[in-house]
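# Overview (structure and organization)
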Amino acid sequence: RNKLYSQSMLSFHEKKVKIGVLALQGAFEEHQSCLEASDKHCTTVQVRTVAELEGLDGIVFPGGESTAMGLIGTSNGMWDALKEKVIGSKLPTWGTCAGMILLAERCVGASAVIQDGQSLIGGLNVLVCRNYFGSQISSFEMETPPPPSLSSDNEAAEESAPFPGVFIRAPAILSVDQNDDIEILGKVVATPCRQAAVVLRELERKIEAGENVVQMGVVDALDRKSHPHQIGYIDVKKEPATTINSTASENVSANRAEEEKKDVTILEEEQQEQKQNTSNIQLPGASDSTNAREVICAVRKQNILCTAFHPEITSDTRWHSYFVNMVREDSVRRSN
């Protein structure tokens, strides 16, 4: 029996998988190198067109600039095709940094230059804050939790060592939907940058008011004081309250009154639904002295894996091995 188990495991690890790396922009070549270095039976291809999505066992959304990726992806039909693959076909997908933003259902701190907000693929019911850790010059490395161990007990100690997380204009997950099947794989304690701090403050106000926040742009409302550690806040202009429209003319007042009653009922139902959706958002508490919060840096939901940091620019390939294993398990399941 042990021999048969060993042969089965050997056959599993030797199964070839083909992983695509979205190459619209960002660190796609680095991901390719790490994936192939982590597993000799893994091959990678760069993906720029809808046709190149065919035949893949998994796909990686790399770090880079999520706004640029969104603009390119929505212009060539890639976004619709990716949504079908990730959400419809449940293709194993890994988003790192910018890729994590693209896979989120909710995003705050979105770029102010995009008229209709950040273009998201979705699939992961989390709330992400863009650039939570600061700008490019604020990039840093810190210890983060490693991926779940894939090895035997003898090798588990080595694999349990902290992972060197590199954060470059990195986002953070503020909240996950408690009703969704999302596994939190890593958290870190970090202070939001000044811009993110203002976004969080406005977000807290919206949640308290019962608003359903799906996307929220950058709020440049800082009163920058002379002392570098002092931040004042300027009140942010709230969106106008929802108004009730009536198309009835003045000479049919009875119909108008009836329509207004219907509109009020619909509005009340929408507001109730918004409150229910908003109640699922629970922001991490902030330290009184530093405003530091415990935020989420790694999650998994079934076929979707996300990390806020950049594993592809380190020499540690444990996260890449973990994703290859995800892809291989899915490939075996589909072939049976």
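Residues numbered from 1 in each chain as written. Predicted model: local features only at pLDDT ≥ 70, side-chain atom pairs only at ≥ 80, totals over all residues. Heavy atoms only, no water.

### Things to note about the environment of Val166
Positionally, Val166 belongs in strand S8 (residues 163-167). Take Val166: its relative accessible area is 13%, and that puts it in the buried class. Through-space distance from the C-alpha of Val166 to that of Cys97 is 9.9 Å; in sequence the pair is 69 residues apart. Setting aside residues no more than four positions away along its own chain, Val166 makes contact with Phe140, Glu141, Phe309, His310, Ile313 and Thr314. (Helix = DSSP H or I, 4+ residues; strand = E, 2+ residues; numbered from the N terminus. Buried < 20%, exposed > 50% of the residue type's maximum accessible area, 1.4 Å probe, protein only. Contact = heavy atoms within 4.5 Å.)

### Some details on the pattern of salt bridges
What the rule picks out here adds up to nine salt bridges. For Arg293, the salt bridge is made with Glu204, and the minimal N-O distance between the two is 3.2 Å. With Arg293 in strand S14 (residues 293-301) and Glu204 in helix H7 (residues 194-208), this pair connects stretches of sequence that are 89 residues apart. In this structure Glu204 comes out as partly exposed when scored by relative accessible area, which is 32%. Overlapping salt bridges, with partners in common, bring together Asp330, Arg333 and Arg334 in one network. (Salt bridge = Lys/Arg side-chain N within 4 Å of Asp/Glu carboxyl O.)

### Focus: the nonpolar core
Core analysis: the largest hydrophobic core is formed by 73 residues, its most contacted members being Trp79, Leu82, Tyr132, Phe133, Leu174, Trp319 and Phe323. No other element matches helix H9 (residues 318-335), which puts six residues into this core. When near neighbours in sequence (up to four residues on either side) are disregarded, Tyr132 contacts Ala170, Pro171, Ala172, Leu174, Ala190, Thr191, Pro192, Cys193, Ala196, Leu200, Arg293 and Val295. (Core = buried A, V, L, I, M, F, W, Y, C linked by side-chain atoms within 4.5 Å.)

### What about the packing of helix H2 (residues 28-38) against H9?
Contact geometry of H2 with H9 gives a least axis separation of 9 Å together with a crossing angle of 75 degrees. Considering the angle they form, H2 stands roughly perpendicular to H9. Contacts between H2 and H9 involve His31, Cys34, Leu35 and Ser38 on the former and, on the latter, His320, Ser321, Phe323 and Val324. A class-by-class count of the residues in the contact of H2 with H9 yields four nonpolar, four polar and no charged. (Axes fitted to C-alpha atoms, helices over the stretch in contact; angles between N-to-C directions. Parallel < 35°, antiparallel > 145°, perpendicular 65-115°, else oblique. Nonpolar A, V, L, I, M, F, W, Y, C, P; charged D, E, K, R; others polar.)

### So, the pairing of S14
Summarising burial for S14: eight of the nine residues are buried, a large majority. Strand direction decides the pairing type here: strand S10 (residues 183-190) and S14, joined by seven bridges, are antiparallel. Looking across to S14, one finds that Lys187 is bridged to Ile296. Here four bridges tie S14 to strand S15 (residues 304-307), and the two strands are oriented antiparallel to one another. Bridging across to S15, Val299 finds its partner in Cys306. Counting the residues between successive antiparallel strands, the hairpin from S14 to S15 contains two residues, one of them, Gln302, with a positive phi of roughly 50 degrees. (Pairing = 2+ DSSP bridges.)

### Focus: the packing of aromatic side chains
In this structure the tally under the stated criterion is nine aromatic pairs. Both rings, one in Trp94 and one in Phe323, keep their centres 5.6 Å apart while their planes meet at 45 degrees; by these two values the pair is tilted. Here the residue Trp94 occupies a position in strand S4 (residues 93-96), and Phe323 occupies one in helix H9, the gap between them amounting to 229 residues. With 5.8 Å between their ring centres and 55 degrees between their planes, Phe133 and Phe140 make a pair best called tilted. A relative accessible area of 9% means that Phe133 is categorised as buried. (Phe/Tyr/Trp six-rings, centres within 6.5 Å; stacked < 30°, edge-to-face > 60°.)

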